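# Per-entry structural report
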Amino acid sequence: DNPWYRLATLHGEPSETDDECVAKNRETWNRWMAPSLSDELKTELREQGWSDKEFSPFSEAEQQSIAAEVGLPLGGDRIDFSNTKFEVPFYAQGFVFLDADFGGSTFGREANFVRAIFSSEADFESTTFGDFAYFENATFGGYAVFIRTTFIGDANFPSAIFGSLAAFSE
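As a starting point, this report considers the structure included with it. (Residues numbered from 1 in each chain as written. Predicted model: local features only at pLDDT ≥ 70, side-chain atom pairs only at ≥ 80, totals over all residues. Heavy atoms only, no water.)

## Re the environment of Ser159
The cut-off we apply is this: The numbering of helices and of strands both runs from the N terminus, where a helix is a DSSP run of H or I of at least 4 residues and a strand a run of E of at least 2. With a 1.4 Å probe rolled over the protein chains alone, any residue whose accessible area is under 20% of its type maximum counts as buried; one over 50% counts as exposed, and the rest are partly exposed. Contact definition: two residues touch when any of their heavy atoms are within 4.5 Å.
One can find Ser159 in the loop between strand E15 (154-156) and strand E16 (161-162). Take Ser159: its relative accessible area is 52%, and that puts it in the exposed class. In this view, Ser159 contacts Asn137 and Ala138; residues no more than four positions away in its chain are not counted.

## Here we look at the sheet that holds strand E11 (residues 132-134)
In a beta sheet, neighbouring strands are held together by backbone hydrogen bonds and run either parallel or antiparallel to one another. Note the cut-off: Any two strands between which DSSP finds at least two bridges are classified as paired.
Taken in spatial order, the four strands line up as E3-E7-E11-E15 in an open sheet, and their pairing is parallel. Two strands bound the open sheet, and with one partner strand each, they are strand E3 (90-91) and E15. When E3 meets strand E7 (residues 110-112), the two strands line up parallel, connected through two bridges. Counted as the bridge partner of Phe90 is Ala111 from E7.

## Concerning the side chain of Glu110
Our working rule: By the counting rule applied here, Lys and Arg register as positive and Asp and Glu as negative, while His and the ends of each chain are not counted. Any Lys or Arg side-chain nitrogen found within 4 Å of a carboxyl oxygen on Asp or Glu counts as a salt bridge. We define a polar contact as two N or O atoms separated by no more than 3.5 Å, with the added condition that, inside protein, one atom must be a possible hydrogen donor and the other a possible acceptor, whereas residues neighbouring each other in sequence contribute only through side-chain atom pairs.
Inspection of the secondary structure assignment puts Glu110 in strand E7. We note that Glu110 is buried and unpaired, the nearest opposite charge coming from Arg109 at a distance of 6.7 Å. Here the side chain of Glu110 touches Asn112 through a polar contact of 3.3 Å, side chain to side chain. For Glu110, the contacting residues outside a window of four places in its chain are Thr17, Pro89, Phe90, Tyr91, Phe132 and Tyr134.

So, in structure tokens, the structure goes:
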């Protein structure tokens, strides 16, 4: 029921990482975020392989249509996934997040944040990850909170970049 989840899966819930809708969902997500991203960050991401189209903001009409479809208010940088139950795998690889709150959420199976960019705070406090949590090559630009986070299965952070402070504890 979360409007942010509806935006993240606007083109469907992918069944695997190479599912075509993963790329479509990433493009839509990043275009939604584009107006809030600095030109410097967009340039850096393009140099790392993100497409120009991913950072082309939606027109006002497109944005209003998507906002109405998913139930999101226009504006605001806080991305609130707090206390969300992810019953199917969640593929957010390559998504660019601003101030993201996943606190208290439950990922039943796979949470894929490979190459995700968290440009501000990333709050995963009291989050439960099921079978797999992938943060390979993820970038945490601000404070990354993993306090009281439970990893039931595999948790992978190879080549993750923590630019500020990362808190991992019980």
